[in-house]
Amino acid sequence: MAILVCGGAGYIGSHTVYQLVKAREEVVIVDNLQTGHRGAINPTAKFYQGDIRDAKILDKIFIENKIEAVIHFAAFIEAGEIVEKPLKYFNNNVYGMQILLESMVRMALIKLFSALLLLLTASRKNSLSRKTTERNQLILMANPN
Ligand SMILES: NC(=O)c1ccc[n+]([C@@H]2O[C@H](COP(=O)([O-])OP(=O)(O)OC[C@H]3O[C@@H](n4cnc5c(N)ncnc54)[C@H](O)[C@@H]3O)[C@@H](O)[C@H]2O)c1
């Protein structure tokens, strides 16, 4: 059984993969390399270059591998840019997670750890508040029913 790390070529994702490999876990990575780096991909992991908003690649990964859990780090994180391009962030961080969850539900996979900690809310003055409570480190149970 393997663990799928979405965004495994990024900063947090690559360190997570390192720790998983060290713990002798089988790891599969999906990353579009938009902000990640090919050189950060652990050679022990199986790598798919693809986007989590692409349901076909996700379904292919779930079919080709025995995935028991998903760890999700595939997101944009630039706190300044989100104010200027909120829809770009909504599309990747929210819609992307929806596509991922839908694929997991199709595959009846229920374990997801998401580290999308950067819950940004623009106040009236367009300043940002960053909520990084542990509550945001969710283990979501995607119930196929
Ligand atoms: N950097 C931190 O200190 C930190 C701390 C806690 C949580 N986080 C959260 O962890 C997540 C990742 O942060 P990071 O610092 O590693 O960012 P990062 O940009 O280094 O990594 C994100 C990775 O996801 C990939 N990616 C982005 N959108 C994708 C998509 N649609 N499909 C496939 N791959 C995609 C990128 O190519 C990149 O490799 C973010 O949600 C962030 O809020 C970051």
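Residues numbered from 1 in each chain as written. Predicted model: local features only at pLDDT ≥ 70, side-chain atom pairs only at ≥ 80, totals over all residues.

Student: Can you help me understand the site of the ligand in this one?
Tutor: Around the ligand, the structure places 26 residues, and the nearest of them are Gly7, Gly10, Ile12, Gly36 and Ala74. Elements supplying a minimum of two residues to the shell around the ligand: helix H1 (11-22), strand E2 (26-31) and helix H4 (86-106). Here the residues of the shell around the ligand are counted per class, giving 14 nonpolar, nine polar and three charged. (Near = placed C-beta within 6 Å. Helix = DSSP H or I, 4+ residues; strand = E, 2+ residues; numbered from the N terminus. Nonpolar A, V, L, I, M, F, W, Y, C, P; charged D, E, K, R; others polar.)

Student: What should I look at first to understand the packing of helix H2 (residues 55-64) against H4 in this one?
Tutor: How two helices pack is summed up by the angle between their axes together with the distance between the axes. At a minimum axis separation of 10 Å, H2 and H4 run at an interaxial angle of 40°. With respect to each other, H2 and H4 are oriented oblique. Considering the relative orientation of H2 and H4, their crossing is right-handed. Taking contact as the criterion, the partners of Ala55, Leu58, Asp59 and Phe62 in H2 are, on H4, Ile99, Leu100, Glu102, Ser103 and Arg106. (Axes fitted to C-alpha atoms, helices over the stretch in contact; angles between N-to-C directions. Parallel < 35°, antiparallel > 145°, perpendicular 65-115°, else oblique. Left-handed = near helix turned anticlockwise from the far one by under 90°. Contact = placed C-beta atoms within 7 Å.)

Student: Could you clarify how one ought to interpret the nonpolar core in this entry?
Tutor: Among the nonpolar cores identified, the biggest contains 26 residues, and Leu4, Val5, Cys6, Val27, Val28, Ile29 and Val70 are the most heavily contacted of them. Those elements giving two or more residues to this core turn out to be strand E1 (2-6), H1, E2, H2, strand E4 (67-72) and H4. Not counting residues within four places of it along the chain, the set of residues in contact with Val27 comprises Ala2, Ile3, Val5, Val17, Leu20, Val21, Asn42, Thr44 and Ala45. (Core = buried A, V, L, I, M, F, W, Y, C linked by C-beta atoms within 7 Å. Buried ≥ 20, exposed ≤ 12 C-beta atoms within 10 Å, placed from the backbone.)

Student: I'm lost on unusual backbone geometry in this one. Help?
Tutor: Most peptide bonds take the trans configuration, and most residues that are not glycine carry a negative phi. Even without glycine at this site, Arg24 takes up a positive phi of about 65°. Relative to the assigned elements, Arg24 resides in the loop between H1 and E2.

Student: Please explain the pairing of E2 as it appears in this structure.
Tutor: Looking along a regular strand, one sees side chains alternate from face to face of the sheet. The buried fraction of E2 is high, at five of six residues. As judged from the five bridges shared by E1 and E2, these two strands associate in the parallel manner. Note that in E2 the partner of Ile3 across the bridge is Val27. Note that the unit made of E1, H1 and E2 has a crossover that is right-handed. Bridge count for E2 against strand E3 (residues 46-49) is four bridges, and the pairing is parallel. Residue pairing in the sheet places Asp31 in a bridge with Gln49 of E3. (Pairing = 2+ DSSP bridges. Right-handed = clockwise from strand over helix to strand, strands pointing away.)

Student: Explain the environment of His15 to me, please; I cannot follow it from the model alone.
Tutor: Looking at where His15 falls in the secondary structure, it is placed in helix H1. C-beta crowding within 10 Å serves as the criterion here: with 14 such atoms nearby, His15 is assigned to the partly exposed category. C-alpha separation for the pair His15 and Asn42, spaced 27 residues apart in sequence, amounts to 9.2 Å.

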